[in-house]
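Here is how the chains run, residue by residue.
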Amino acid sequence: MSNPYRAFEKVSYKGLISKSGSRGAGRQGDTETRGCTDAGMHGRGDTETRRRGERIFLFHRVAHSPRRRVSPPPRPPLAASVIARGAGITSEFGQTRSSYCSNILSMIMDTDACYRAMRSRDRRFDGRFYTAVVTTGIYCRPVCPAPTPERRNVRFFDCAAAAEEAGFRPCRRCRPETAPGTPAWLGKSATIARALRLIAEGALDEGSLEELAERLGIGSRHLRRLFHEEIGASPSAVAQTRRVHFARKLLDETKLPIAEVALSSGFGSIRRFNEVMRRSFGMTPTGLRSGARKKSAPPAERGVDSLRRSYRAGEFESGNGALSLRLPFRPPFDWESILCFLGSRAIPGVELVTQSSYSRAFTLAGTSGILKLRPSEPRDCLYLTVSASETRGLNRIVERARKLFDCDADPLQISECLSKDARLAPLLRARPGLRVPGAIDAFELGMRAVLGQQITVRAATTLAGRLVQAFGVPLGDYAEEGITHLFPTPDVLAEADLTTIGLTRPRAAAIAALAKFVLDDPLALESVAGLNETIERLTRIPGIGSWTANYIAMRAAGEPDAFPSGDLALRRAASAGGEMISVKELEQRAEAWRPWRAYAAMHLWASLR
């Protein structure tokens, strides 16, 4: 039997990343990534697709089957006509398209290596790029089990939104909407990375593009230009693709009524929802759901062999008004380590950690309830179960759950960078797939960080439990054993007398100051400004130093390069039993770990257990 990976033998993980290119070293905030950037995520496109006069077919309404060859439509899709302005490349239809349309592969990437990766169906590249077939008008994941198309008929995109804006439809077989996520900071400019994070949080579901641009400190026109250059799609197209894919996920994996699916996905009206779904998939939402029940629909988290296994809509529905969804990730995933980390820091009354699951109370987007996460078997995804008062804002709840367990991390790329250090190499082998835990509520994480200053983890957990019992909000009907309260809100803690629960006056003052800081700017801890500016702003708050600011940036803001170098445990772990190194020495050594210093810190902390 032939080796299915033979075509990929000469393509390493670095094979997709060009060693040249003017934009090969990306930036995270003000920190240079020093060559560890996923350079395959941005650029100007390959020479083939940039060649003037190349004939590129863009289809919009075509048959779904990847085996069926169809004729070009008489006119290009709306997306192509919109971007067909400016200096351009002459298309099959005699029209011109702008320079960013020539960036049909908006990655500094070897397209031949992409094709070999697609032929081998290597899961390491799942979600990292998408393949579109011009003879069918369909775009797929690299692991799609459909017959491999000819090289001349394939185009590559770095995100689903760019493929859809070019007129391609998502494949119904591999379902691109269920591919593992890619970290927003990889290969993008700092502005684009922050914009993608905000869009994932629903910034364009309720707000406008102008408001998003204002939060980023730039003009809306400049933001659109950056997206067209680096993503190949507009911010609105990225947001709409996100909504469409989440709606398809809800249709396949839950039994929610169609109207609730529309509202939970961020659509403002049922009519708009039906129109967009019909345009994207060529079917109504009802047709998509009934089709998933009648025939096989592959779970995207699984490997090539099990892609052919089917599941029916609502198979993981858990009853009692709860919903269950799959959260795919790139393996390996060190479930035990992240569960141990969260378990030792679990806030009594708010969080509950067992040997096989993590549960907690939450309030988000006006919705309160309990969420629970557990691993699948085999471990290729997490199962998220949500019991909530309503489903509106469900997409934000899912995003926060993914952030909490760092589901978008790329452990292979992180390991490739950190394993060059002699101290970290054995730690990476001992705990492959170790993640940086995020936070459901950034304010709660900030409070927990302040409580943990200069005391043990157990003592800080005890104080957090007292804080919840004294000032938290009872969960009500959704309360269960071990989970009874919501964490106190900033307005309550800003005025509360915290000395009554055993806090010192300086510590109580620091908590009150942070609460007022968040009241003035609810997004202050979300790192819209970047790592350096976030730390600078936090350290201006009385009672918050560099360690606390970096810890908040690492977990609440999801900054991969945050590094609390003053932590005594980090210095001890980095010394490896020898004489304890100084803070300055640790910082100098950690320069080689950029932009993954947060992951290095997690490995060092884990080595002390």
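In case you missed it, the structure is sitting above this.
Residues numbered from 1 in each chain as written. Predicted model: local features only at pLDDT ≥ 70, side-chain atom pairs only at ≥ 80, totals over all residues. Heavy atoms only, no water.

J.: So what exactly am I meant to see when it comes to the overall build of the protein here?
T.: From N to C terminus, the protein includes 25 helices and 15 strands. Across the 609 residues in the protein, those meeting the buried criterion constitute 60%. Across the protein, the fraction of contacts at a sequence separation of at least 24, relative to all contacts at a separation of at least 6, is 68%. (Helix = DSSP H or I, 4+ residues; strand = E, 2+ residues; numbered from the N terminus. Buried < 20%, exposed > 50% of the residue type's maximum accessible area, 1.4 Å probe, protein only. Contact = heavy atoms within 4.5 Å.)

J.: Looking at this model, I keep getting lost on helix H11 (residues 270–281). Mind explaining?
T.: In an α-helix, one turn spans 3.6 residues, which is why side chains three or four residues apart end up on the same side. Taking 1.5 Å per residue, 12 residues should reach 16 Å; H11 reaches 16 Å between its end C-alpha atoms and fits that length. Looking one or two places after H11, you find Gly282, whose phi comes out positive at around 75°. (Expected span 1.5 Å × (residues − 1).)

J.: What exactly am I supposed to notice about the packing of aromatic side chains here?
T.: Both the distance between ring centres and the angle between the ring planes are used here to describe each pair of aromatic rings. Tallying each qualifying case throughout the model produces 12 aromatic pairs. On the numbers, 5.2 Å between centres and 5° between planes, the contact of Trp547 with Tyr551 is stacked. Remark: Tyr551 and Trp547 occur in helix H22 (residues 546–555); sequence separation between them is 4 residues, near one turn of the helix. Three or more aromatic residues link up through ring pairs in this structure, and these residues are Trp335, Tyr358 and Phe405. One Lys or Arg, Arg243, reaches over the ring of Phe267 and ends 5.8 Å from the middle of that ring. A cation over a ring is seen here: Arg248 above Phe281, with NZ or CZ 5.2 Å from the ring centre. (Phe/Tyr/Trp six-rings, centres within 6.5 Å; stacked < 30°, edge-to-face > 60°. Lys NZ or Arg CZ within 6 Å of the ring centre and 35° of its normal.)

J.: What is the right way to look at the nonpolar core in this model?
T.: A general trend in soluble globular proteins is that nonpolar side chains are found buried together. Within the largest apolar cluster, 110 residues are counted, with the highest numbers of intra-cluster contacts made by Leu373, Phe405 and Leu493. With 8 residues, helix H25 (residues 597–606) is the largest single contributor of residues to this core. Those residues in contact with Leu373 that lie beyond four places of it in its chain are Leu327, Trp335, Ser356, Ser357, Tyr358, Leu382, Tyr383, Leu384, Ala401, Leu404 and Phe405. The next biggest cluster of nonpolar side chains, apart from the first, holds 33 residues, and it includes Ala132, Ala184, Ile192 and Val238. (Core = buried A, V, L, I, M, F, W, Y, C linked by side-chain atoms within 4.5 Å.)

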